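# Architecture at a glance
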Amino acid sequence: MHPTRLTAAVAALALSASLATALAGTASAAPQAQPVPPGHGRSLALAAADSAAASGLDELRHGADEDLVRTAVTPWANGLYYTAYQRTYKGLPVHGGGDAVVLSDSTGKVRDVTGAAAPALKLPTTSARVTAEAALAAARGQLAAVESASAPELTVLLKAGKPLLAWHTLVVGTTARGLPGSLDTYVDARTGKVAQATDKVRHAEGRGYHNGNVTIDTAATSMTDTSRGSFKCGGQNGSAYTGSSPWGNGGANDLVTACVDIMYAAQRESDMLKEWFGYNGINGQGGMVPARAGLAQVNAYYDGTKTTYGRNQNGTNQLTGIDVVAHEYGHEIFDRTPGSAGSSNENGGMNESTGDIFGALTEHYANNPNDTPDYTVGEELNFTGNNQPIRNMYNPSLINNDPNCYPQLTSGTEVHAAAGPQNHWFYLLAEGSNPGGGKPNSPICSGGPSSVTGIGIQKAGKIFMGALLMKTSSWNHPAARRATLTTAKNTYGATECNAVKAAWNAIGVPAQSGETDCGGTSTPDFSLSLNPSSGSAQPDSQVTSTVNTATTGGSAQTVQLSASGAPGGVTVSFSPSSVTSGNSSTMTVKVGAGTPNGTYPITVTGTGSATHTVTYQLTVGSTTPPTGCDSTEHTYQGTLASGQAAAQPDGSYYYSASAGTHIGCLRGPAGTDFDLYLQKWNGAGWADVAVGGTAGADEDTSYHGTAGYYRYVVHAYSGSGAYTLGLSAP
């Protein structure tokens, strides 16, 4: 059995409660569907997102050997869900492009999709010539001393738009110059040479150390906080400091005192995320990386595994102020949200700006009298000896002439300076250009509006956090504009959306194609999906799929359906050829007698007030579904590409009113590895109760269970083709 791959593939399945109908198809008599299980709003949202991903809606288009595997689901306000997907190629994760996010709601509507552009992938082989051990040795050789290294994973790296089979590992340690290094490394699986290495260390110089007498959460005898994952604070050896409350002595360079300041700021940041935004802590799962104090350098940094804090320029105190600590954990937020951290200077600048924004947010949330909330970074550090902060959010140009405006950025702008435009945008959104009340005015870039009215830091922060949940690996300022507009409109409404737009206009980020309309009424729009999104047929035969539409904005509208990209000898028709959004049409794909065997992507286009596309993968010449489950009560058939999974019966579930034995029989195509899972609804989600996971095409399961809701999941672990599933239920 294959638990790791199965978890990823089956996680990409969500059962739409609206699919629970009287089941038909190839079964002679199907189990009767019962009322919708609890949690159906989440199921509807995820079903809509998964359907969009499987159908290749708009930016989610992918090839026949590719799949979009769900990696994270984040609930949001107003019944919204952000669902992140990673692209895979023949079961291998793809890095550097092709990742995507779908925003859907608890009524089963897709609100928006965003995807990092990627070409169609084709590799001559997915077998590595270089061993994992040799790749790890090459990766470790980049550092003078290695503290830790992750186990290499075989991946497909998109480098300069071309796919490369590579081993992926993270090596953490020290460079030959004695500096910290955390190298996100890809080693060419053919040559053994390092193909790409990006340093995840994000440096930020800090400020004063002391927040006064504060309350922190620790264990009785160590500076650990199990309520927030494995969070702890200690020295450079990685062990938590031990002792008892009260911790520290208040000394400027006492390292236990430094850990008090670190834990206070990090815990307040975690609390702020939960209380203000409904987000589950720094890493989205209630935890955060550990912290280390006492670095003998003028530095503080995050490296993907920990945060580390040193001293100021003249050695008079530790760099553990609220904005410094929250800045470093802001890097973890950026790293752990979809798309992670990119390698360009623009992306790096937005990463630095994210740290600054969360520093300001945490200062405002904590409202500590020893550190008055503001929009400057390191204002109490005196880092350069001139009593100035190291960055300024309301007017970035006041420090080192950093750019205020997006058009000022170039590919060579240093990442800390490149934080300027987004920092400037956030201040304008939160406070406005002329906020009054003693707060500083903020300039507007050429071509911008005459003024900007702020909406408050809490709303601005929630919009920014929601936008990070739509981040992809190609994140830049135009993408952030689109994402923040989508989040503002769906979280709050027209007023906040227009404020977001004005703030972006004020720093020179232009309007983007397809961005959200901030109008007070909902803009008419619709979505498309296919069920199934792939199929196979012999020459001189046909196959069908249902084209589903949904109204996602405004009132229902007429959607005209068309198809393109079919090979010679293949015709595509729709019945009906146009539908009112919310209804469906049957697509019939007829394969002519002389059509060559192969796999062909067919683009299905829906045209109304907007245009949307989905992709149907047609395989010509595949084998017919195998037989061998004749003794079961009900029979279902389907087709899966490698890495895909499908729920049965007919994409739905069944209800067993009494205890008894459930029999499952799967017969897959020869030479493949198909697995079978019987799942039962446990009140919150689907749980495996029986697994057939051998390394072959055929599986049999038997499970004696109580009354309840059940479904089978068929997973193509490797190989593609048609399958037959037989089942018997009490």
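Residues numbered from 1 in each chain as written. Predicted model: local features only at pLDDT ≥ 70, side-chain atom pairs only at ≥ 80, totals over all residues. Heavy atoms only, no water.

### Digging into the packing of aromatic side chains
Convention followed: By convention, a stacked pair of Phe, Tyr or Trp rings (six-membered ring in the case of Trp) has centres within 6.5 Å and planes under 30 degrees apart, an edge-to-face pair has planes over 60 apart, and any other such pair is tilted. Numbering goes from the N terminus for both helices and strands, where a helix is a DSSP run of H or I of at least four residues and a strand is a run of E of at least two. Relative accessibility decides the category of a residue: with a 1.4 Å probe and only protein chains considered, values under 20% of the type maximum give buried, values over 50% give exposed, and everything between is partly exposed.
Taken as a whole and assessed by the stated rule, the structure comprises 18 aromatic pairs. Arranged with centres 5.4 Å apart and planes meeting at 85°, the rings of W276 and Y365 form a pair that is edge-to-face. Within this pair, whereas W276 is found in helix α4 (residues 255-277), its partner Y365 is found in helix α6 (residues 345-366), the two being separated by 89 residues in sequence. With a centroid separation of 4.8 Å and an interplanar angle of 90°, the aromatic rings of Y375 and Y427 are classed as edge-to-face. Taken together, the residues Y375 in the loop between α6 and β17 (376-377) and Y427 in helix α7 (residues 420-431) connect sequence positions 52 residues apart. Here Y375 matches Y427 in class, with each residue buried. Joined through ring pairs, the aromatic side chains of F358, W425, F426, F464 and W504 make up one cluster.

### Concerning the nonpolar core
As a reminder, the rule being used: Only buried residues count toward a nonpolar core. Its members are Ala, Val, Leu, Ile, Met, Phe, Trp, Tyr and Cys residues joined through side-chain atoms within 4.5 Å. Any two residues having at least one pair of non-hydrogen atoms within 4.5 Å are treated as being in contact.
If you look at the biggest cluster of nonpolar residues, it comprises 83 residues, and the most contacted ones within it are F277, Y329, F358, F426 and M465. Those residues in contact with F277 that sit more than four places away from it in its chain are W76, M272, F358, L361, Q458, G461, K462 and M465. Judged by nonpolar contacts, the second largest core, of 33 residues, contains A53, L528, L530 and Y600.

### Let's talk about the confidence of the model for the protein
Reading fine detail from the predicted coordinates is not recommended where pLDDT is low. Here is the rule we go by: Per-residue confidence from the prediction method is given by pLDDT, with values spanning 0 to 100.
Per-residue confidence for the protein averages 89 on the pLDDT scale, and 92% of its residues sit at or above 70. Counting contacts from residues 3-12, a segment whose pLDDT is below 50, to residues more than four positions away or on other chains yields 22 contacts. Of the regions scoring below 50 in pLDDT, residues 204-210 engages in 48 contacts with residues more than four places distant in sequence or in other chains.

### Remarks on the side chain of T595
Quick reminder of the rule: Nitrogen and oxygen atoms within 3.5 Å of one another constitute a polar contact, given that in protein one can donate a hydrogen and the other can accept it, and given that sequence-neighbouring residues count only through two side-chain atoms.
Mapped onto the secondary structure, T595 falls in the loop between β25 (584-591) and β26 (598-607). T595 sits in the buried class, given a relative accessible area of 5%. A polar contact is formed between the side chain of T595 and the backbone oxygen of G592, at a distance of 3.1 Å.

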